[in-house]
Every structure is written in C-alpha cells, then in structure tokens.
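# Breakdown of the fold
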Amino acid sequence: MDTQRNVIALGFFDGVHLGHGALLRRVAERAAELDARPCAFTFDQSPAAALTGREVPLLTGVDDRAWLMETRYGIREVIVAPFDVMRQMDWQDFVAQYLQKELGVVHVVAGHDFRFGRGGQGTPQRLAEECARLGMGCDIIPRVELDGVTVSSTHIRGLVERGELEEASRFLGHPLVLSGPVVHGSELGRTLGTPTANLRIPPEIIVPGFGVYAGRVRLPDGENRLAVVNIGVRPTVNAALSGVTVEPWILDFSGDLYGKTLRLELHKRLRPERRFDGVDELRAAILENAAQTRAYFAAKERASC
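Quick look at the structure, then. Nothing here was measured: the structure is a model prediction, and the numbers come from that model. (Residues numbered from 1 in each chain as written. Predicted model: local features only at pLDDT ≥ 70, side-chain atom pairs only at ≥ 80, totals over all residues. Heavy atoms only, no water.)

## Quick notes on the pattern of salt bridges
Rule in force here: Any Lys or Arg side-chain nitrogen located within 4 Å of an Asp or Glu carboxyl oxygen qualifies as a salt bridge. By definition, any uninterrupted DSSP run of H or I lasting at least four residues is a helix, any uninterrupted run of E lasting at least two residues is a strand, and each is numbered from the N terminus. For every residue, the accessible area (1.4 Å probe, protein chains only) is compared with the maximum for its type, and the residue is labelled buried under 20%, exposed over 50%, or partly exposed between those bounds.
For the structure shown, the criterion picks out 16 salt bridges. A salt bridge links Glu-130 to Arg-133; its shortest N-O distance comes to 2.7 Å. Here Glu-130 and its partner Arg-133 are both found in helix H6 (residues 124-134), three residues apart, which amounts to about one turn of the helix. Owing to a relative accessible area of 58%, Arg-133 belongs among the exposed residues under this scheme. Residue Glu-167 is joined to Arg-170 by a salt bridge in which the shortest nitrogen-to-oxygen separation is 3.0 Å. Residue Glu-167 and its partner Arg-170 are located together in helix H8 (residues 165-172), separated by three residues, close to a single helical turn. Residue classification places Glu-167 among the partly exposed positions, given a relative accessible area of 30%.

Here's what the structure looks like:
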C-alpha cells in the first residue's frame, strides 16, 4: 500500500452486513471531506476461531469480503492482515506505527466493540484517545439494529443455516454471496437437460440449509445470469447421502466453465431438499423451480421500477 492519505475502517467484516455498512459509509464520507482514499482493514482468518480454537463458519471469504466492500461501498483498497501477527502487536504500536506511519492513515473508523492488539488491550476508547494524541481523526460507530435486533454476523449465520435467505438479505443489505471454482461432478444434470456447475466452496464458508434456491451467477466475464441452485446431498441419486454440493443450473447459458471461478448470489429458498421417486420426477421439479426463479426475479424487477 502506498503512503498517500487514507481513511480506514477497522474490523473483520464477515458478511459485510448493514452494521459494517455503517462503518464503510462513514469512511467514504470522511475520505471525501479529507481528499483521502477510502480503505478497509480486515484479517486473513476469523479472530473468534483463532482465539477460542473453535470452528466458526464464515459468511464470506476474503475475496468476497473485498468485492462487497469495493462494489457496494466504494472502498478503494482492502488490506488483509495476518491475524497471528497482529494479535501480538502492542495496541499503541498498531495505531502509531502501523496505521499512521506504515499505512498513511489520517482518519480511523471502528465499531463500538472492536478490540485489537496483544491480549485485546486496544479498545474503542483507547483507539479514540490515541488517535487524538497523534492528530488523527476517529469515529466510533454504535451498534446497528434492524427491527429491534442487533445486526451481527452471528445472527445472520443462524438465518443462513435455516435457509432463511430473504431475511438474511435484509440484515446483510445484499444477497448472500458464495464463490468457488467449477469442478467436475457426476454430470447427472447433463442427462436431465439441466446441466449444473459444481462449485467447490471453501470448507470454512457456511453452506445454507439444504434446498433449492433462486439465485444469480456472475460469470467470469462479468455477465449476470439467473440460476436454479441446489445445495445438499442429492438424495434422489446419492443413496449414501455423502458429500455436500453447491450446484447452480445457469439458465439460458451454455459453455465450458470448468476451472473458472463463479460468484453466486442466493436470494430465496424455493423448497427444501427432498428425495424423488426417480430422475423423471426430479427433472420435472427442477424445471418447475426454473419457472419459479424466472417469476421471482421478474417480480423483483417490476417492484423496483
């Protein structure tokens, strides 16, 4: 990162939800006021998982976090720092040496619960006091609520696990995003006339409740297409119920996507996953789901006009 003047948001930003959005919007405002560059700081791994030793499923990987911050909030650069290194740094050094001297930060924005430095000794109050001492600006953003519920990654994870993606989208401020490379699967979809792209989702990323979803796929060339997305173990053709798959059938598309990375937006669960009495019944259900997907997005488009 160069040494030009930067305004920076501090946090992990898992999901880049509405609470995070309050920080990122403030960064954009301060950057415009100060003729500086809007930036964000995040970690390469979950602080909660690293500190507790427990697995904490993530809503978004690093690349999706950066993409959401850049495309939805105008963040110009996302700094991804190694948490194992940062957790050993003295909290004052983090502010004076890392933020101000190394990154050229002139204004900091953090949430009300942001902790940093060795032993989590850096608190929002200490951050504000140290920034004032160093001549840096600082905003501490209070908690954000929606319908009386605190917007948090933890709450949204619960919604995603239950397949309640329309409600999750309200708290995120955008549809849930999953990304992964296209890998070879069973290719059953080809025989059904509904060829799917089998995405390899990183193991640390949360997978929504099993079912069929209306979604959109962003292709490598930037084009967006509607998709019917099956998430689960494919009980009709997989008697062992082994191996969770994320398989979008990209509507009105044909082409070779193997090895390419797709970004998937999941909007609404159309139905839970179920076992059908044979592939003909399965194919009929998938075609019905395709019609439901087209109708769903057509209705959304009409509502937005």
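## Describing the side chain of Asn-289
Operational definition: Here, two residues are considered to be in contact whenever any of their heavy atoms come within 4.5 Å of each other.
With respect to the helices and strands, the residue Asn-289 is situated in helix H10 (residues 279-304). Classification of Asn-289 by relative accessible area gives buried; the value is 3%. Those residues within four positions of Asn-289 in sequence are excluded, and the remaining contacts are Val-212, Val-228, Leu-270 and Arg-271.

## A look at unusual backbone geometry
Peptide bonds are, in most cases, trans, and in most cases residues other than glycine have a negative phi. The phi torsion at Phe-13 lies on the positive side, around 65°, for a residue other than glycine. Considering the arrangement of structural elements, one finds Phe-13 in the loop between strand E1 (6-10) and helix H1 (18-34). Among the residues examined, Phe-13 registers a relative accessible area of 1% and is labelled buried.

## As for the nonpolar core
As a reminder, the rule being used: Take the buried Ala, Val, Leu, Ile, Met, Phe, Trp, Tyr and Cys residues and link them wherever side-chain atoms come within 4.5 Å; each set so joined is a nonpolar core.
Core analysis: the biggest nonpolar cluster contains 55 residues, and Leu-10 and Phe-41 have the highest contact counts within it. With five residues, the single largest contributor to this core is helix H5 (residues 91-102). Contacts of Leu-10, omitting those with residues within four sequence positions, involve Leu-23, Phe-41, Phe-94, Leu-99, Val-108, Val-109, Ala-110, Phe-114 and Leu-127. Val-7, Ala-31, Ala-40 and Trp-67 belong to the second-largest nonpolar core, a separate cluster that totals 21 residues.

## A few points about the environment of Ile-75
Tracing the chain through its elements places Ile-75 in the loop between helix H3 (62-73) and strand E3 (77-81). Take Ile-75: its relative accessible area is 3%, and that puts it in the buried class. C-alpha of Ile-75 to C-alpha of Arg-37: the two residues are 38 residues apart in sequence and 8.1 Å apart in space. Every residue in contact with Ile-75, bar those within four places of it in the chain, is listed here: Leu-24, Val-27, Pro-38, Cys-39, Ala-40, Met-69 and Glu-70.

## Describing the sheet that holds E1
Operational definition: Two strands pair if DSSP finds at least two bridges between them. What counts as an axis is a line fitted to C-alpha atoms, over the stretch in contact for a helix, and the angles between N-to-C directions run from 0 to 180 degrees.
Pairing is parallel in the open sheet, where five strands are placed in the order E3-E2-E1-E4-E5. Taken across any chain shown, the strands that pair with only one partner, and hence form the sheet edges, are E3 and strand E5 (137-141). Ignoring which end each strand starts from, the neighbouring axes of this sheet average 20° apart.

## Describing the pairing of strand E10 (residues 211-218)
Among the eight residues of E10, six are classified as buried, and the element is accordingly described as predominantly covered. Of the pairings in the sheet, the one linking E10 to strand E11 (residues 224-232) comprises eight bridges and is antiparallel in character. Its bridge partner lying in E11, Tyr-213 is registered against Val-229. The antiparallel hairpin formed by E10 and E11 contains five residues in its connecting segment, where Gly-222 sits at a positive phi of about 95°.

## Section: the packing of helix H7 (residues 153-161) against H8
Cut-off, in case you're wondering: Angle categories: roughly parallel below 35 degrees, roughly antiparallel above 145, roughly perpendicular from 65 to 115, and oblique for all the rest. The hand of a helix crossing depends on one turn: near helix anticlockwise from the far one by less than a right angle means left-handed, and clockwise means right-handed. Throughout, the ten residues Ala, Val, Leu, Ile, Met, Phe, Trp, Tyr, Cys and Pro are labelled nonpolar, Asp, Glu, Lys and Arg are labelled charged, and all others, Gly among them, are labelled polar.
Taken N-terminus to C-terminus, the directions of H7 and H8 make an angle of 160°; their axes are 8 Å apart at the nearest point. Between H7 and H8, the angle falls in the class roughly antiparallel. Seen from above, H7 lies across H8 with left-handed handedness. Packed against H7, whose contacting residues are His-155, Ile-156, Leu-159 and Val-160, the element H8 presents Leu-165, Glu-167, Ala-168, Phe-171 and Leu-172 at the interface. For the contact of H7 with H8, a count of residues per class yields seven nonpolar, one polar and one charged.

## Focus on the environment of Pro-175
Counting through the fold element by element, Pro-175 comes out in the loop between H8 and strand E8 (176-183). It is 16 Å that separates the C-alpha atoms of Pro-175 and Ile-231, two residues lying 56 residues apart in sequence. Non-local contacts of Pro-175, meaning those with residues more than four positions away in its chain, are made with Arg-72, Ser-169, Glu-265, Leu-266 and His-267.

## Overview of the environment of Arg-115
Just so we agree on the cut-off: In the analysis that follows, any N or O atom pair within 3.5 Å is treated as a polar contact, provided that within protein one partner can donate a hydrogen and the other can accept it, and provided that, for residues neighboring in sequence, both atoms belong to side chains.
Here Arg-115 shows up in the loop between strand E4 (105-111) and H6. Along the backbone, Arg-115 and Trp-91 are 24 residues apart, and their C-alpha atoms lie at a distance of 9.3 Å. There is a polar contact of 3.4 Å between the side chain of Arg-115 and the backbone oxygen of Gly-122.

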